[in-house]
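# Analysis of the macromolecular model
Listed below are the residues making up each chain.
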Amino acid sequence: MFFRYDWLAKKTLRAGYFLWAIFAYGLGLLVTYVALNLMDGHGQPALLYIVPFTLGTFLMLGLKRGDLKVLWTRGEPERPCMHYQLHANEAEELSQDR
């Protein structure tokens, strides 16, 4: 999801969400392994650590960048359709017909 959003929004790797999501996933996985070793092999499910790291990163970056509402509801940036473009006079004719 993150890579698709970054590609559609034309964001660079650093300004997008994909790199940060991968970093957060790796950090959550590292914490999972540390917890497993601290508990002598009786660790918790990996998602207990991975989900808060990835979701927390997503929420904080989205809130900071102002993209959270679009990311949470639509999952893709707002953009005009490239295949359907009206000329100014065609748009006026359509609005007058209504």
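These numbers come from a predicted model, not from an experiment. (Residues numbered from 1 in each chain as written. Predicted model: local features only at pLDDT ≥ 70, side-chain atom pairs only at ≥ 80, totals over all residues. Heavy atoms only, no water.)

### Observations concerning the nonpolar core
Ranked by size, the top nonpolar core spans seven residues in total: Phe-2, Tyr-5, Tyr-17, Ala-21, Phe-58, Leu-61 and Leu-71. Counting residues per element, the ones that place at least two in this core are helix 1 (2-8) and helix 3 (47-65). Once residues within four sequence positions are removed from consideration, Phe-2 is found in contact with Tyr-17, Phe-18, Ala-21 and Phe-58. (Core = buried A, V, L, I, M, F, W, Y, C linked by side-chain atoms within 4.5 Å. Buried < 20%, exposed > 50% of the residue type's maximum accessible area, 1.4 Å probe, protein only. Helix = DSSP H or I, 4+ residues; strand = E, 2+ residues; numbered from the N terminus. Contact = heavy atoms within 4.5 Å.)

### Side note on the packing of aromatic side chains
A ring pair, where both rings are aromatic, is described by two values, the distance of the centres and the angle of the planes. If you walk through the whole model with that rule in mind, you get one aromatic pair. Its end group placed over the ring of Tyr-17, Arg-65 keeps NZ or CZ at 4.8 Å from the ring centre. (Phe/Tyr/Trp six-rings, centres within 6.5 Å; stacked < 30°, edge-to-face > 60°. Lys NZ or Arg CZ within 6 Å of the ring centre and 35° of its normal.)

### Things to note about a nonpolar patch on the surface
Taken together, the side chains of Phe-3, Leu-13, Phe-18, Leu-19, Trp-20, Ile-22, Phe-23, Leu-27, Leu-30, Val-34, Leu-38 and Met-39 present a nonpolar region at the surface, about 1,100 Å² in accessible area. For the nonpolar patch, the element with the highest residue contribution is helix 2 (residues 18-38), accounting for nine residues. With respect to the element layout, Phe-18 can be found in helix 2. (Patch = residues over 30% accessible without salt bridge, like charges linked within 9 Å, V, L, I, M, F, W, Y side chains within 5 Å. Areas by Shrake-Rupley, 256 points an atom, 1.4 Å probe, with all protein chains shown as cover. Salt bridge = Lys/Arg side-chain N within 4 Å of Asp/Glu carboxyl O.)

### Details of the environment of Leu-27
With respect to the secondary-structure elements, Leu-27 resides in helix 2. Leu-27 sits 27 residues away from Thr-54 along the chain, and the two C-alpha atoms are 9.0 Å apart.

### Topic: the packing of helix 2 against helix 3
One can describe the packing of helix 2 onto helix 3 by two numbers: an axis separation of 7 Å at closest approach and a directional angle of 150°. When the axes of helix 2 and helix 3 are compared, the pair comes out roughly antiparallel. Crossing handedness for the pair helix 2 and helix 3: right-handed. Here helix 2 contributes Trp-20, Ala-21, Ala-24, Tyr-25, Leu-27, Gly-28, Leu-29, Val-31, Thr-32 and Ala-35 to the contact with helix 3, which in turn contributes Tyr-49, Ile-50, Phe-53, Thr-54, Thr-57, Leu-61 and Arg-65. Of the residues that constitute the contact of helix 2 with helix 3, the class distribution is 12 nonpolar, four polar and one charged. (Axes fitted to C-alpha atoms, helices over the stretch in contact; angles between N-to-C directions. Parallel < 35°, antiparallel > 145°, perpendicular 65-115°, else oblique. Left-handed = near helix turned anticlockwise from the far one by under 90°. Nonpolar A, V, L, I, M, F, W, Y, C, P; charged D, E, K, R; others polar.)

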